[in-house]
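# Observations on the model geometry
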Amino acid sequence: MPRSVSGVEMRKRQAAHIEAPPQAPGQPRPNTCCLCWCGCCKCLWNEDRMERSERQTCTKMDSIEATEEQHASLEEVLSWSRSFELMLRSLEGREVFQEFLRSEYSEDNLLFWLACEDLKKETNSTVVDEKARIIYEDYVSILSPKEVSLDSRVREGINQTLAEPSNLMYEEAQFQIYTLMHRDSFPRFLNSSVYRDLLANRRRACLDT
């Protein structure tokens, strides 16, 4: 007579099934070539595709609301390794990514990106003027203590719009910082103890329930 499987053992088997380690950054997936998420292929088609996708993500993340939410599930935390956008859409994802960036002294990149997201949703012209000025003084001005890494062309474009601020005046700068975080900071985050510890905690919680 076959041995019955207890509920605890069944849950452990199910957890083991979904706990496959995330794909290491920089390692191409089999038979994906230029379709891989990490941009391991350097062909012009892939780079152009990535830039279009990133710009669309950067300018259309209206659902990123800082609302109360439960802790991300194991499946959600695993999904971050496959999608930078999914991580940014998660409140807990942004928090742990910010913690990692703080350890690399680049937290201001994420804070600038979030400030730009907030500005884009504003429709009151008086509030737009005030928020645009604060962002400039905090992150863009050469006198800013939190200056982010923007090239001279983008910085000059911002300077030219200061007389008539708009809620989209930082869009190109925001995209530049998004790309920097995605291609530079995000792969290191996935290999960091911050992310791996969170993943281990979710796995233990899954086995204990």
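A quick note: this is a predicted structure, and the numbers were derived from the prediction, not measured.

Conventions and cut-offs
Residues numbered from 1 in each chain as written. Predicted model: local features only at pLDDT ≥ 70, side-chain atom pairs only at ≥ 80, totals over all residues. Heavy atoms only, no water. Phe/Tyr/Trp six-rings, centres within 6.5 Å; stacked < 30°, edge-to-face > 60°. Helix = DSSP H or I, 4+ residues; strand = E, 2+ residues; numbered from the N terminus. Buried < 20%, exposed > 50% of the residue type's maximum accessible area, 1.4 Å probe, protein only. pLDDT = per-residue confidence, 0-100. Contact = heavy atoms within 4.5 Å. Salt bridge = Lys/Arg side-chain N within 4 Å of Asp/Glu carboxyl O. Core = buried A, V, L, I, M, F, W, Y, C linked by side-chain atoms within 4.5 Å.

### Quick word on the packing of aromatic side chains
Applying the stated criterion across every chain, the model contains 10 aromatic pairs. Ring centres of tryptophan 113 and tyrosine 178 lie 6.2 Å apart, and the angle between their planes is 35°; this geometry places the pair in the tilted category. With tryptophan 113 in helix H6 (residues 107–120) and tyrosine 178 in helix H9 (residues 171–190), this residue pair connects regions lying 65 residues apart in the sequence. Pair check on accessibility: tryptophan 113 and tyrosine 178 agree, each one buried. Ring plane angle 55° and centroid distance 5.4 Å describe the contact between phenylalanine 189 and tyrosine 195, whose orientation is recorded as tilted.

### A word on the confidence of the model for the protein
In low-pLDDT regions, the fine details of the predicted coordinates are not to be read closely. Of all residues in the protein, 66% have pLDDT values of 70 or greater, and the mean over the chain is 78. Low pLDDT (under 50) marks residues 1–8, which in the prediction has 3 contacts with non-local residues, meaning those over four places away or in another chain. Of the regions scoring below 50 in pLDDT, residues 10–22 engages in 21 contacts with residues more than four places distant in sequence or in other chains.

### What to know about the pattern of salt bridges
Scanning all chains against the criterion turns up 11 salt bridges. A salt bridge links glutamate 85 to arginine 89; the shortest N-O distance between them is 2.7 Å. Of this pair, glutamate 85 and arginine 89 are both found in helix H4 (residues 84–89), 4 residues apart, which corresponds to roughly one turn of the helix. With its nearest N and O atoms 3.2 Å apart, the salt bridge here joins arginine 102 to glutamate 107.

### Examining the nonpolar core
Soluble globular proteins tend to pack their nonpolar side chains together in the buried interior. Counting 40 residues, the largest nonpolar core has Phe97, Phe112, Ile158, Tyr170 and Phe189 as its most contacted members. It is H9 that contributes the most residues to this core, 7 residues altogether. Setting aside chain neighbours within four positions, we find phenylalanine 97 in contact with Phe84, Met87, Leu110, Met181, Ser185, Phe186 and Phe189.

### A look at unusual backbone geometry
The phi torsion at tyrosine 105 lies on the positive side, around 60°, for a residue other than glycine. The residue tyrosine 105 is located in the loop between helix H5 (91–103) and H6 in this model.

### Brief notes about the environment of valine 194
Within the secondary structure, valine 194 is located in helix H10 (residues 193–208). Beyond its immediate sequence surroundings of up to four residues, valine 194 is in contact with Val96, Glu99, Phe100 and Phe189.

### Focus on the side chain of serine 141
Here serine 141 is to be found in the loop between helix H7 (125–140) and helix H8 (152–161). A relative accessible area of 13% means that serine 141 is categorised as buried.

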